[in-house]
Amino acid sequence: MKRGTIEHPKTEHLAELLSISMAQAVGHLEALFHFTAKYAMRGNIGSWGNDRIAKRCLWDGDPDVFVNALVNSNGGKTYGWLERHSEHRLIVHDWHKHADDSVKKTLKNNN
């Protein structure tokens with residue numbers, strides 16, 4: 001998990017937008033990071049549909065509500081956990097900074 005996620009204002013904002021506990025929000029974000037690391041290593045999560053993103057993030061509700069909350073949960077910052085993107089539809093904000101070392105090494109070795 002991205003360091004600082006548990007106390008990040010974006011996590012609190014996500015919990016508020018989805019009317020869930022902070023613990024649930026942290027769990028959904030952890031699932032998002034794992035899914036991204038395995039299936040969208042460049043952070044281009046928008047190559048998957050909202051229904052698949054929500055399912056892989058263990059969200060049982062409306063997929064569009066979930067994805068929109070990930071985009072809009074900015075906690076007073078410029079971007080939420082996800083950003084809208086002209087080419088990839090959605091990307092994980094600052095994934096290049098926050099991806100774990102194994103993802104960074106794999107990407108480096110595949111270039």
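The rules behind the values
Residues numbered from 1 in each chain as written. Predicted model: local features only at pLDDT ≥ 70, side-chain atom pairs only at ≥ 80, totals over all residues. Heavy atoms only, no water. Helix = DSSP H or I, 4+ residues; strand = E, 2+ residues; numbered from the N terminus. Rg over C-alpha atoms; globule rule 2.2 N^0.38 Å. Buried < 20%, exposed > 50% of the residue type's maximum accessible area, 1.4 Å probe, protein only. Contact = heavy atoms within 4.5 Å. Areas by Shrake-Rupley, 256 points an atom, 1.4 Å probe, with all protein chains shown as cover. Lys, Arg positive; Asp, Glu negative; His and termini not counted. Charge placed at Lys NZ, Arg CZ, Asp CG, Glu CD. Axes fitted to C-alpha atoms, helices over the stretch in contact; angles between N-to-C directions. Left-handed = near helix turned anticlockwise from the far one by under 90°. Nonpolar A, V, L, I, M, F, W, Y, C, P; charged D, E, K, R; others polar. Salt bridge = Lys/Arg side-chain N within 4 Å of Asp/Glu carboxyl O. Phe/Tyr/Trp six-rings, centres within 6.5 Å; stacked < 30°, edge-to-face > 60°. Core = buried A, V, L, I, M, F, W, Y, C linked by side-chain atoms within 4.5 Å.

J.: Would you take a moment to explain the overall build of the chain for this structure?
T.: In terms of helices and strands, the chain carries 6 helices and 2 strands. For a compact globule of 111 residues, the expected C-alpha radius of gyration is about 13 Å, and the chain comes in at 13 Å, within 12% of that figure. In terms of overall dimensions, the chain has C-alpha extents of about 40 × 25 × 25 Å along its principal axes. Looking at the 111 residues of the chain, the share that counts as buried comes to 43%. In the chain, 54% of the contacts between residues at least 6 apart in sequence involve partners at least 24 apart. Carbon and sulfur atoms make up 48% of the accessible area of the chain, which totals about 6500 Å². Each charge class in the chain can be summarised by its mean position, and for the 15 positive and 13 negative side chains these summaries are 8 Å apart.

J.: Is there a simple way to explain the packing of helix H1 (residues 9–18) against helix H4 (residues 63–72) in this structure?
T.: The geometry of a pair of packed helices is captured by two quantities: the angle between their axes and the separation between those axes. Where H1 meets H4, the closest approach of the two axes is 9 Å, and the angle between their N-to-C directions is 145°. In this structure, H1 meets H4 at a crossing whose hand is right-handed. Where H1 approaches H4, its residues His13, Leu14, Leu17 and Leu18 are matched on the opposing element by Val65, Phe66, Ala69, Leu70 and Asn72. Residues belonging to the contact of H1 with H4 are distributed by class as follows: 7 nonpolar, 2 polar and no charged.

J.: Mind showing me how you'd approach the pattern of salt bridges here?
T.: Pairs can form between side chains of opposite charge once their charged atoms are near each other. Here the structure, examined in full by the defined rule, presents 1 salt bridge. Salt-bridge contacts for Asp94 lead to Lys97; the nearest nitrogen and oxygen are separated by 3.8 Å.

J.: What exactly am I supposed to notice about the packing of aromatic side chains here?
T.: Given two aromatic rings, one states the distance between the centres and the angle between the planes to describe the pair. Counted according to the given criterion, the structure contains 5 aromatic pairs. Ring geometry for Tyr39 and Trp48: centres 6.1 Å apart, planes at 80°, overall edge-to-face. With relative accessibility at 38%, the residue Tyr39 sits in the partly exposed group. Trp48 sits in the partly exposed class, given a relative accessible area of 28%.

J.: Help me out: how do you make sense of the nonpolar core in this one?
T.: If you look at soluble globular proteins, the nonpolar side chains tend to sit buried side by side. Leu14, Leu32, Ile45, Phe66, Leu70 and Leu82 are the most contacted members of the largest nonpolar core, which totals 29 residues. Contributing elements (two or more residues each) for this core: H1, helix H2 (22–39), helix H3 (50–56), H4 and strand E2 (89–92). Considering each element in turn, this core owes the most residues, 7 residues, to H2. Once residues lying within four places of it in the same chain are set aside, the contact partners of Ile45 are Leu32, Phe35, Thr36, Ala40, Ile53, Leu82, Leu90, Ile91 and Val92.

What is shown is where atoms sit, not what they do.
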